[in-house]
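An overview of the molecular structure
Listed below, chain by chain, are the residues.
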Amino acid sequence: SVPTIEYLKSKGAIVTVCSHLGRPKDGPEDKFSLGPCAERLGELLGQEVKLCPDSIGDEVKAMVDAAKEGDVLMLENTRFYKEEEKNDPAHVEKLAAPFDLFVNDAFGTAHRAHASTEGVTKFLQPSVSGYLLAKELEYLDGAIQNGEKPMAAIVGG
């Protein structure tokens with residue numbers, strides 16, 4: 001996803017990344033924090049990636065509002081809320097609230113109807129695919145179009 005993030009930054013965007021890690025049972029758990037992911041992404045981008053303390057709420061909005069063009073933020077683990085996997089409309093609205101558009105760059109989760117993958121598309125327009133997701137779809141299309149027939153395709157995430 002680095003090329004997608006770099007492209008968005010080059011166009012003056014404030015980029016906020018979201019993801020999930022593990023299967024937290026009852027809210028936030030330190031072992032599922034995205035803190036190490038924010039640190040690693042910062043190394044890959046050559047700049048600080050600030051970790052938001054949550055994925056929704058006033059603190060997230062304040063961080064987004066304070067960010068400058070080219071800044072990169074990372075939301076805390078979206079699965080800290082049960083409403084994420086349930087695609088709860090009230091939660092989706094809170095998740096989408098601070099943002100203007102949505103770029104999905106995660107082929108492995110694109111099939112899930114979760115708040116952070118499908119739900120936000122109802123509130124954020126445009127909603128588009130990033131370079132990595134597009135590349136995965138091109139590979140898949142090429143395999144199907146140019147593969148030997150008969151063919152069976154098993155696609156997993």
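Okay, so let's go over this structure. Every chain begins its residue count from 1, and numbering advances along the sequence as written. Side-chain atom pairs in this predicted model are given and counted only at pLDDT of 80 or more, local residue features only at pLDDT of at least 70, and totals for whole chains, interfaces and linings cover all residues. Hydrogens and water molecules were not included; the side-chain quantities draw on all heavy atoms of the structure.

Examining helix α5 (residues 89-96)
We count it as follows: Each residue is assigned to one of three classes by its accessible area relative to the maximum for its type, calculated with a 1.4 Å probe on protein chains only: buried under 20%, partly exposed between the two thresholds, exposed over 50%. Strands are runs of DSSP state E lasting at least two residues, helices are runs of H or I lasting at least four, and both sets are numbered from the N terminus onward. It is the directions from the helix axis to the C-beta atoms whose arc is reported. We call two residues in contact whenever any of their non-hydrogen atoms come within 4.5 Å of each other.
Of all the positions in α5, only H91, V92, L95 and A96 are classed as buried. One side of α5 holds all its buried residues, which, seen down the axis, span an arc of 130 degrees. On the buried face of α5, the contacting elements are α4 (82-86).

So, the nonpolar core
Rule in force here: Here, the term nonpolar core denotes a set of buried Ala, Val, Leu, Ile, Met, Phe, Trp, Tyr and Cys residues that are joined through side-chain atoms within 4.5 Å.
Membership of the largest hydrophobic core comes to 15 residues, with the highest contact counts inside it found for V60, L75, L95, F99, V120 and L124. Taken together, the elements giving at least two residues each to this core come down to α3 (58-66) and α5. A per-element tally of this core places α5 first, with three residues. I5, L34, A38 and L45 belong to the second largest nonpolar core, which has 10 residues in total.

Some words on the sheet that holds strand β1 (residues 15-17)
Which entries qualify depends on this criterion: Pairing between strands is defined by DSSP: at least two bridges between them are needed. For helices, the fitted axis covers only the stretch in contact; all axes are lines through C-alpha atoms, and the angles between them, taken along N-to-C directions, range from 0 to 180 degrees.
Taking strand neighbours across the sheet as the criterion, the three strands line up as β1-β3-β2 in an open arrangement whose pairing is parallel. Two strands close off the open sheet at either side, each with one partner strand: β1 and β2 (49-51). Strand-to-strand twist across the sheet, computed as the mean angle between neighbouring axes with direction ignored, equals 25 degrees. Pairing analysis gives three bridges linking β1 to strand β3 (residues 72-74), with the strands arranged parallel. Bridge pairing in β3 links V15 to V72. Each of β1 and β3 is contacted by helix α1 (residues 2-10), which is oriented at about 155 degrees to β1, the strand it contacts most.

Quick notes on the pattern of salt bridges
Stated formally: Any carboxyl oxygen of Asp or Glu that lies within 4 Å of a side-chain nitrogen of Lys or Arg is treated as forming a salt bridge with it.
In this structure the tally under the stated criterion is seven salt bridges. Salt-bridge contacts for K82 lead to D26; the nearest nitrogen and oxygen are separated by 3.8 Å. Here the residue K82 occupies a position in helix α4, and D26 occupies one in the loop between β1 and α2 (35-45), the gap between them amounting to 56 residues. Each member of the pair, K82 as well as D26, is classed as exposed. For R40, the salt bridge is made with E43, and the minimal N-O distance between the two is 3.0 Å. Residue R40 and its partner E43 are located together in helix α2, separated by three residues, close to a single helical turn. Since its relative accessible area comes to 45%, R40 is described here as partly exposed. Through salt bridges with shared partners, one network takes in R23, R79 and E85.

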